[in-house]
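Reading the structure
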Amino acid sequence: MDSQGQTTSLQRLQNVEKRIVKVLELAGGVMDELASPVGPRKDVVQNHCLEFMQLIKDIQVALRDEIKSACEYRPFEKCDYGPRIANEICYKKVEFIMSQLDAMKQTIDEYHAAV
């Protein structure tokens, strides 16, 4: 992941954090209204609850997107270590087979020379 992607992701997570703080402030505001000696004002509680629920939905969407984005990130996707090692092993096997074939050819040549 490049630094631009990381910065963007961090900024999005910071925005989620700010929303979480706002949600807690709204919950505290509702608690204050409910504990008010005069009694809770219905319109204030209702507005806080609506905003609370909307922020919760926004937070869920943002976190879901961040998780999905993180799952798509594969740091070793372009790593060629496995194929390179497999290629080196195959190369050694071919070298071994060539040496065996050379030895067989030499034995055959020696046999034909002796006959």
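In this text, all values refer to a predicted model and were calculated from it rather than measured experimentally.

Looking only at helices and strands, the protein chain features three helices and zero strands. Overall, the protein chain shows an N-to-C arrangement of helices and strands of α-α-α. Here the protein chain holds 115 residues, and the buried ones make up 11% of them. At a minimum sequence separation of 6, the contacts of the protein chain that also span at least 24 residues come to 69%.

Per-residue confidence for the protein chain gives a mean pLDDT of 87; residues scoring 70 or more make up 88%. The secondary structure element of the protein chain with the lowest average pLDDT is helix α1 (residues 3–35), at 87, and the one with the highest is helix α2 (residues 42–72), at 90.

Taken together, the side chains of Leu-10, Leu-13, Leu-63 and Ile-67 define a hydrophobic patch exposed on the protein surface, amounting to about 360 Å² of accessible area. Inspection of the secondary structure assignment puts Leu-10 in helix α1. For Leu-10, a relative accessible area of 54% corresponds to the exposed category.

What follows covers the pattern of salt bridges. For the coordinates displayed, the defined rule picks out five salt bridges. Note that Lys-22 and Glu-51 form a salt bridge whose closest N and O atoms lie 3.9 Å from each other. Within this pair, whereas Lys-22 is found in helix α1, its partner Glu-51 is found in helix α2, the two being separated by 29 residues in sequence. Given a relative accessible area of 34%, Glu-51 falls into the partly exposed group. Between Asp-109 and Lys-105 there is a salt bridge, with its nearest N and O atoms 3.9 Å apart. Linking Asp-109 with Lys-105, this pair stays in helix α3 (residues 81–114), spanning four residues, or about one helical turn.

This part is about the nonpolar core. One finds Val-16, Val-23, Leu-26, Leu-55, Ile-59 and Ala-62 forming the largest nonpolar core, which totals six residues. Elements represented by at least two residues in this core include exactly α1 and α2. When residues no more than four places from it in sequence are discounted, the contact partners of Ala-62 are Val-16 and Arg-19.

The subject of this paragraph is the environment of Ser-9. Turning to its location among the elements, Ser-9 is positioned in helix α1. By relative accessible area, Ser-9 is classed as buried at 15%. In this structure the C-alpha to C-alpha distance between Ser-9 and Ala-70, which are 61 residues apart in sequence, comes to 9.2 Å. A polar side-chain atom of Ser-9 sits 2.8 Å from a polar atom in the side chain of Glu-66.

Reading guide: rules and limits
- Residues numbered from 1 in each chain as written.
- Predicted model: local features only at pLDDT ≥ 70, side-chain atom pairs only at ≥ 80, totals over all residues.
- Heavy atoms only, no water.
- Helix = DSSP H or I, 4+ residues; strand = E, 2+ residues; numbered from the N terminus.
- Buried < 20%, exposed > 50% of the residue type's maximum accessible area, 1.4 Å probe, protein only.
- Contact = heavy atoms within 4.5 Å.
- pLDDT = per-residue confidence, 0-100.
- Patch = residues over 30% accessible without salt bridge, like charges linked within 9 Å, V, L, I, M, F, W, Y side chains within 5 Å.
- Areas by Shrake-Rupley, 256 points an atom, 1.4 Å probe, with all protein chains shown as cover.
- Salt bridge = Lys/Arg side-chain N within 4 Å of Asp/Glu carboxyl O.
- Core = buried A, V, L, I, M, F, W, Y, C linked by side-chain atoms within 4.5 Å.
- Polar contact = N/O pair within 3.5 Å; in protein donor to acceptor, adjacent residues only side chain to side chain.

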